[in-house]
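Descriptive analysis of the structure
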Amino acid sequence: MASSAIAFDDRGLRTASRPRLEGASLDGVLMLAAAFALRCWWFGNPVVQVDEQFYLLVGDRLLHGALPFVDIWDRKPIGLFLVYAAIRLLGGSGIVEYQIVATGCAAVAALLIVRMARLCASETAARIAGVVSLLWLIVFDGAGGQSPIFYNPLIAGAATLTLGAFRSGDPKRIGRAGAGAMLLAGLAIQIKYTALFEGVGFGLVLLWSVWRSGIRRARLAGLALSWVTIALTPTALALAYYAGRDHGGAFVFANFLSVGQRGSVPLPQLAGRLANIAAMASPMVAAACWAFGAPYRDQAAKDVRRFVLVWLAAALAGLVAIGAFYTHYFLPMIVPLSLACAPAFDRVARWGGTRAWRPALLLLPIGAILAASVSLTRLHKRGDGQAVDAVVRAIQPRLDGCLFVFDGEPILYQMTHACLVSHYAFPGHLNERKEAAAIGADPVREVEHAMDARPDVVITSDRPAKDGNLATWAVMRHRLSHDYALVAAVPIYHRLRLVYQRRVAG
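Residues numbered from 1 in each chain as written. Predicted model: local features only at pLDDT ≥ 70, side-chain atom pairs only at ≥ 80, totals over all residues. Heavy atoms only, no water.

1. Some thoughts on the sheet that holds strand β10 (residues 495-502)
What the four strands build is an open sheet, ordered β7-β8-β10-β9; its pairing is mixed. Two strands in the sheet have a free side with no partner beyond their single neighbour: β7 (403-405) and β9 (484-492). Looking at each pair of strands side by side, their axes are set apart by 20° on average, direction ignored. Inspection of the sheet shows β7 paired to strand β8 (residues 457-461) by three bridges, in the parallel sense. Across the sheet, V405 pairs through a bridge with I459, a residue of β8. Sheet strands touched by helix α19 (residues 470-483): β7, β8, β9 and β10. Its angle to β8, the strand with the most contacts, is close to 130°. (Pairing = 2+ DSSP bridges. Helix = DSSP H or I, 4+ residues; strand = E, 2+ residues; numbered from the N terminus. Axes fitted to C-alpha atoms, helices over the stretch in contact; angles between N-to-C directions. Contact = heavy atoms within 4.5 Å.)

This is the structure:
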């Protein structure tokens, strides 16, 4: 919003004044500009991250009548696929479109961090906290459209409402804010279920806030029940929709049961992932600790610090609950951690007794260096899309019917507009050992079924990854050797992506 104050010159005559951006508007412009500046380098790259390739595919096929969990299988909530389906309505290939929408979502989350941080830090420090969040999203593999990029704004919005309720002490305001916060948390849960932990954390803060206001126990119980109901309503509606179409069992298995049936990750590998996360997060954690050591400047700062500790604990519980410790699983932690860092940017240290400096400002160059280095590493491993374009060029002249990507990029289905021969279009569900008991079907039979459908082209690699399902790989090699001819091999990192064409009988 712009404001136009009345100004006078030295003669006392009224003069025109330039409109000035108010604080909230300027914060928004700055965060949006920073988000685009940091993320635009990936626009158009179809292989930013393998998961979002698949989300885009499911969103597209949903618009063409496919039913997630039934016609195309995964264990992510339906809300995530609805987000990508909505993005596909914007037109284009969907690739640039989802990356632009994701950039906007990252900017909104950063803006909400800034607004909350203003309660415990200066205007400049609050804005730095927002930029820090944008930097560390990239560090933790959130440069594209991972699910937390889309639900972080919802959770940050719920946090803003919860913090306001916590500070108000007014039962009526707490009730209204609690309803809004739980609705946002419920929507976030339908983008990724680990948002449940943050929702529970906010719910506990709200209950404490309303209990502290002195309301009767019956009223407290009623509010708690209504908040829980609101938070669970999006998930209940999704389940009801599937149950109404006689697919309730498929919904329950995919959304709630399958994740517990995945194979365990070896302890040394798990420890290595956790150490990597800890190393990359350590600058932010150090800044947050530096911030927590600062004296409270007022009651608002004290309230924010108490609230952010609960939020951090809830987000950490979500990270630990999954247990796999992939880099991008840390993305939900970045929002509360950035807020926790904000007061550190105001803290001054003395050097030599005279020169004053702010150590926490080192977080900006450290974040920029980390973001650049991990981005270059990922670009080296995943490519910038040229290798996938080469695979597409090899596929298209040979494709009259369906494609089967046994090992490769899910985006190939989207880029070639090919039909599917299996409900399991995410390659890892069939070619990884840890998924063998977790997809609700025998992966060997599923590979046989897919090959029996006689796809025109099959995509695989010259060798399995370390956690490959050797049984399904053996089936694939046998079928390819009898019925298919190798027509192209494209190097991608340390492996070759192989393109096979079905031989014509006779």
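Picking up where we left off.
2. Remarks on the pairing of β10
Bridge count between β8 and β10: five bridges; the pairing is antiparallel. What sits directly across from V457, in β10, is Q501. Where β9 meets β10, eight bridges bridge the pair, whose relative direction is antiparallel. By the bridge assignment, A485 is partnered in β10 with Q501. The turn joining β9 and β10, which pair antiparallel and follow one another in sequence, is formed by two residues; a positive phi near 60° is taken by Y493.

3. Details of the side chain of Q414
Inspection of the secondary structure puts Q414 in helix α16 (residues 411-416). Residue classification places Q414 among the buried positions, given a relative accessible area of 5%. In this structure the side chain of Q414 is engaged in a polar contact, spanning 3.4 Å, whose partner is the side chain of D60. Residues contacting Q414, with those up to four places away along its chain left out, are L56, L57, D60, R88 and S93. (Buried < 20%, exposed > 50% of the residue type's maximum accessible area, 1.4 Å probe, protein only. Polar contact = N/O pair within 3.5 Å; in protein donor to acceptor, adjacent residues only side chain to side chain.)

4. Describing the packing of helix α12 (residues 299-322) against helix α13 (residues 331-341)
Relative orientation of the contacting elements α12 and α13 amounts to 160°, with a least axis distance of 9 Å. As the angle between them shows, α12 and α13 are arranged roughly antiparallel. Helix-helix and strand crossings are classified by hand; for α12 and α13 the assignment is left-handed. For the pair α12 and α13, the contacting residues are V304, V308, W311, L312, A315 and L316 in the first and P332, M333, V335, P336, L337, L339 and A340 in the second. For the contact of α12 with α13, a count of residues per class yields 13 nonpolar, no polar and no charged. (Parallel < 35°, antiparallel > 145°, perpendicular 65-115°, else oblique. Left-handed = near helix turned anticlockwise from the far one by under 90°. Nonpolar A, V, L, I, M, F, W, Y, C, P; charged D, E, K, R; others polar.)

5. Looking at helix α5 (residues 123-139)
Here α5 spans 25 Å end to end across 17 residues, near enough to the 24 Å set by a 1.5 Å rise per residue. For α5, a buried count of 14 out of 17 residues is recorded, marking the element as mostly surrounded by other parts of the structure. One or two residues past the end of α5 sits D141, with phi positive at roughly 65°. (Expected span 1.5 Å × (residues − 1).)

6. Quick notes on the nonpolar core
Membership of the largest hydrophobic core comes to 153 residues, with the highest contact counts inside it found for F140, L403 and F404. Sorting elements by how many residues they give to this core places helix α4 (residues 95-117) first, with 12 residues. (Core = buried A, V, L, I, M, F, W, Y, C linked by side-chain atoms within 4.5 Å.)

7. Quick word on the packing of helix α6 (residues 147-168) against α12
Put simply, α6 and α12 touch, their axes get as near as 10 Å, and they point 135° apart. Taken together, the axis directions place α6 and α12 in an arrangement best described as oblique. Once α6 is placed against α12, the crossing between them reads as right-handed. Residues I155, A156, A159, T162, L163, F166 and R167 of α6 form the contact with α12, whose participating residues are A300, D303, V304, F307 and W311.

8. Some words on a nonpolar patch on the surface
On the surface, a cluster of nonpolar side chains totalling about 270 Å² of accessible area is made up of L32, F36, V96 and I100. Residue F36 is classed as partly exposed on the basis of its relative accessible area, which comes to 31%. (Patch = residues over 30% accessible without salt bridge, like charges linked within 9 Å, V, L, I, M, F, W, Y side chains within 5 Å. Areas by Shrake-Rupley, 256 points an atom, 1.4 Å probe, with all protein chains shown as cover. Salt bridge = Lys/Arg side-chain N within 4 Å of Asp/Glu carboxyl O.)

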